[in-house]
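Structure at a glance
Single-letter residue listing:
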Amino acid sequence: MSIGSRICVLLLLAASLGASAEAKQLAVIVDKTNNTGGLSANDLAKVFKFDSHKWPDGRPVILVLRDPSTPEMQTAIQKLYHMQAEEFKALLAAHASGVIVVRSEDELLKSVESIPGAVGLVDVYSINGRVNVLKVDGKLPLEQGYFLKGN
Amino acid sequence: MKMRSLKVSILAVLLASFGLRAFAHDTPNGMHISTKSPQAHAFFEKGVQKMEMLHTEDGLNNLRSAVQADPQFALGHIFLTFFSQDPTEQVAEREKALATRASAGAEEKLIIDWLANASQARWIPAIQAMNEALAAYPQDKHLHWMAGWWLQLDQNQSTRATAMFEQVIQLDPKFADAWNEAAYCYAKQGNFEKAFADIKRYTELVPNEPNPQDSFAELSRMAGRFEEALTHYRMSLKIDPTFHESQLGLGDTYALMGQQPRAREEYAKAIETGSPVQKVLWSLQSAATYVREGDLAAADKAFNAVAEQAHAKDFANLEAEAYRSMSMYQLDSAASLNLLAKAEAVLHEDHKVPQALLNEELASVLRTRVERAVADNNKELAATSLKQLQTLADANGADGIIETAMHGAAGAVALAAGNYADAVNHFEEDEANAISMRSLILAYEKNGQQGNATRLAAKLAALNEPLIEQAIVVPEFRKHRAALAAKTNPALDPRGKYR
């Protein structure tokens, strides 16, 4: 048995643990100097669709994104952009100066950490202490009803 | 006094007389341990070692001795928070860990931040601290093992957990439990080839322990290799006849093989030797064998007996579970709803069982009520029960069991209302539950996701978990699939050979 099964029995739990699906949740991350605590889902969509260009402190918004084919971006395209992949690529091409496309999660985290005004999306289990995580509609990732969730 | 204890005492006195400085311990791929007490250090190491061999009670006792020997030992306190199964102890130890955090080393502080935040459902700072620790100490095998364990058990992230266990194996190929846990992760992902390779290595590393054989058996059972499962459970019992989980495994395997009288015989042996909690838990499994053979009157009798047994021991959540299990297979809706009301009433009485466990069972009761109401087309009851469940979920945001119950129920309501995309979203959050799996297949089909429906149908047909949900759903589902296959291609009908 795994240690999980053993704990299950000791806890008077008959149901199996780890019953939920392995859902992916995206954290919206910004650099540590960004004081924005959270955004509504609508405002977040505006940021990611290049409709909002500046943070409340006046700094320009720089999007840091993974390649559109990654699972993270698939969730983002579905939840934030409501677009087909081709439309999304065209949008990025039209706003090339406001976006950095990176090849890995590591690169994304390092870019957001080091570029003032940067904002990115990353699997919540990859976040580190060198970035801030924004609330969306008042909720952080892994809270009940969090917006940026997909399988 | 025995010689060995005397030696330890003399050593402790000698060290104390020299005036103790912070006692730090580093190994090339181990964890830095800060305690002023060599005894605490020794107990701690032994405790961790025991936990890694799944000797949970022994491990916990050693960890308790460690913090008794040095109450300022912050890492010891946080390990107890993490491993203890007693919610009161978890909270008390977490507070002690935070109070003594200042005396800990840099790595220990990150571990405390990770686990103390996690125990309060503050997931973001918890994950941040865990990842900082993993990045700063990439060679620490214990840290990676714990991270894998947390990701798998607390967070249901088996893919990420696998990476942690693989890292442990790379750091120390003889770290037995890493092979064991990795095997379970692979099995959960459906990669049985890798799961069996890893579990085989586990059995080779600790050939004199029963658990590797028990794990081998359990994975064989999950893969539908029942004869192999029986062989390995017996090998486990040969190594240690008191390893009761393997005796239970024999019962589970026979139940899944369809040999219910034999399953009950094996369960009876397990129940005889189990602890009071195990007796009740395993009696629930035994009662479910009557459901598997379609003898519902005998099932009622057996579940009622379990409920009485649980009541006598004040295991209220298990008493309620017995009534809920009965409600699930009742053909008459009024009888089913009565049983659910009985279960709910039990949970609202005054009990010594931790509230979290009562809430989890209440969520399951409410979910079952929603499902029954949906089946009866009783929209009002479905809506009010779902609302009750939603309130419970909101108040217990960090509880995965309540959340999955809520999604299972919300999915059932959405599916009945024809909101297929919504139903898919909800059921996907409860994808390990056989009832939700069956509904998700339908939701996928209605939502135009035929590929997903086909994959999930194959998974459900191959589900070999000894749970009441499986007993109610899977045998019928297999029959239905076989009949459908026969319609489209008679050569595939497994019943053909009897004609």
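All values derive from a computational prediction rather than experimental measurement. (Residues numbered from 1 in each chain as written. Chains lettered and ligands numbered in written order. Predicted model: local features only at pLDDT ≥ 70, side-chain atom pairs only at ≥ 80, totals over all residues.)

Overview of the overall build of chain A
Put simply, the rule reads: Each helix is a run of H or I in the DSSP string that is no shorter than four residues. Each strand is a run of E no shorter than two, and both are numbered from the N terminus. In this scheme every C-beta is placed from the backbone, and a residue whose C-beta has 20 or more other C-beta atoms within 10 Å is buried, one with 12 or fewer is exposed, and one in between is partly exposed. Once C-beta atoms are placed from the backbone, any two residues with those atoms within 7 Å are in contact.
A tally of helices and strands in chain A yields five helices and seven strands. Reading chain A from its N terminus to its C terminus gives the helix and strand order α-β-β-α-β-α-α-β-α-β-β-β. Sorting the 151 residues of chain A into buried and exposed places 34% on the buried side. Counting only contacts in chain A whose residues sit at least 6 apart along the sequence, the fraction spanning at least 24 positions is 64%.

Considering unusual backbone geometry
In this structure, A:His82 is a non-glycine residue whose phi angle is positive, near 50°. Its location among the elements puts A:His82 in the loop between helix H3 (71-81) and helix H4 (85-94). With a phi close to 55°, B:Asn156 is a non-glycine residue in the positive phi region. Among the structural elements, B:Asn156 can be located in the loop between helix H8 (141-153) and helix H9 (158-171). A count of 21 C-beta atoms within 10 Å places B:Asn156 in the buried class.

Examining the packing of helix H17 (residues 296-313) of chain B against helix H18 (residues 316-329) of chain B
All names here are of chain B. As a reminder, the rule being used: Axes here mean lines fitted to C-alpha atoms, for a helix over just the part in contact, with angles spanning 0 to 180 degrees between N-to-C directions. For this classification, under 35 degrees means roughly parallel, over 145 means roughly antiparallel, 65 to 115 means roughly perpendicular, and everything else is oblique. In this scheme, a crossing is called left-handed if the near helix is turned counterclockwise away from the far one by less than a right angle; it is called right-handed if the turn is clockwise.
Running from amino to carboxyl end, H17 crosses H18 at an angle of 165°, the nearest separation of the two axes being 7 Å. Regarding the angle of H17 to H18, the classification is roughly antiparallel. The way H17 lies across H18 gives a crossing that is left-handed. Between H17, through Leu296, Ala299, Asp300, Phe303, Val306, Ala307, Ala310 and His311, and H18, the contact on the second element is made entirely by Leu318, Glu319, Ala322, Tyr323, Ser325, Met326 and Tyr329.

Structural notes on helix H13 (residues 226-239) of chain B
Residues and elements named next belong to chain B. How we decide: Multiplying one less than the number of residues by 1.5 Å gives the expected span of a helix. Note: the arc covers the axis-to-C-beta directions of the helix.
Between its first and last C-alpha, H13 extends 20 Å over 14 residues, near the 20 Å set by a 1.5 Å rise per residue. All buried positions along H13 are accounted for by Ala229, His232, Tyr233, Ser236 and Leu237. Axial view of H13: buried residues confined to an arc of 145°, hence all on one face. Away from its buried face by more than 90 degrees, H13 exposes Glu227 and Lys238. Those residues of H13 that are buried are in contact with helix H12 (210-222) and helix H14 (244-257).

Quick word on H8(B)
Here H8(B) spans 18 Å end to end across 13 residues, near enough to the 18 Å set by a 1.5 Å rise per residue. Burial analysis of H8(B) places 13 of its 13 residues in the buried class, the great majority of the element.

Observations concerning the nonpolar core
Residues and elements named next belong to chain B. The test is simple: What makes a nonpolar core is a set of buried Ala, Val, Leu, Ile, Met, Phe, Trp, Tyr and Cys residues, with links drawn between C-beta atoms within 7 Å.
If you look at the biggest cluster of nonpolar residues, it comprises 173 residues, and the most contacted ones within it are Ile78, Ala183, Val370 and Ala409. The biggest single contributor to this core is helix H22 (residues 400-416), with 10 residues. Ignoring any residue separated from it by four or fewer positions in sequence, one finds Val370 in contact with Ala382, Ser385, Leu386, Leu389, Ala409, Ala412 and Val413.

Details of the packing of H8(B) against helix H10 (residues 176-188) of chain B
Residue and element names in this part refer to chain B. The N-to-C vectors of H8 and H10 enclose an angle of 30°; their axes lie 11 Å apart at closest approach. It follows that H8 is roughly parallel to H10 by the angle criterion. For the element pair H8 and H10, the recorded crossing hand is left-handed. Mapping the contact onto sequence places Trp145, Gly148, Trp149 and Gln152 in H8 and Ala178, Glu181 and Cys185 in H10.

Points about the pairing of strand S5 (residues 118-123) of chain A
Residues and elements named next belong to chain A. Note the threshold: Note on pairing: DSSP must find at least two bridges between two strands before they are called paired.
Counted residue by residue, S5 has six buried out of six residues, so it is predominantly covered. The two faces of S5 match: Ala118, Gly120 and Val122 on one face and Val119, Leu121 and Asp123 on the other face are all buried. Sheet analysis places strand S1 (residues 24-31) next to S5, joined by five bridges and oriented antiparallel. Bridging from a neighbouring strand, Val30 pairs with Val119 of S5. Relative to S5, strand S3 (residues 62-66) runs parallel, the two sharing three bridges. Counterpart to Leu63 in the pairing with S5 is Val119.

With respect to the environment of A:Gly98
All names here are of chain A. Secondary-structure assignment places Gly98 in the loop between H4 and strand S4 (99-102). Classification of Gly98 by C-beta neighbours within 10 Å gives partly exposed; the count is 14. Sequence separation between Gly98 and Ala118 is 20 residues; the distance between their C-alpha atoms is 9.6 Å. Leave out the neighbours within four places in its chain, and Gly98 touches Phe50, Val61, Ile62 and Leu63.

Quick notes on the confidence of the model for chain B
Rules: Confidence of the predictor at the level of single residues is captured by pLDDT, which takes values from 0 to 100.
Taken as a whole, chain B shows an average pLDDT of 89; of its residues, 91% reach a score of 70 or greater. This prediction of the complex comes with two scores: 0.82 for pTM and 0.89 for ipTM.

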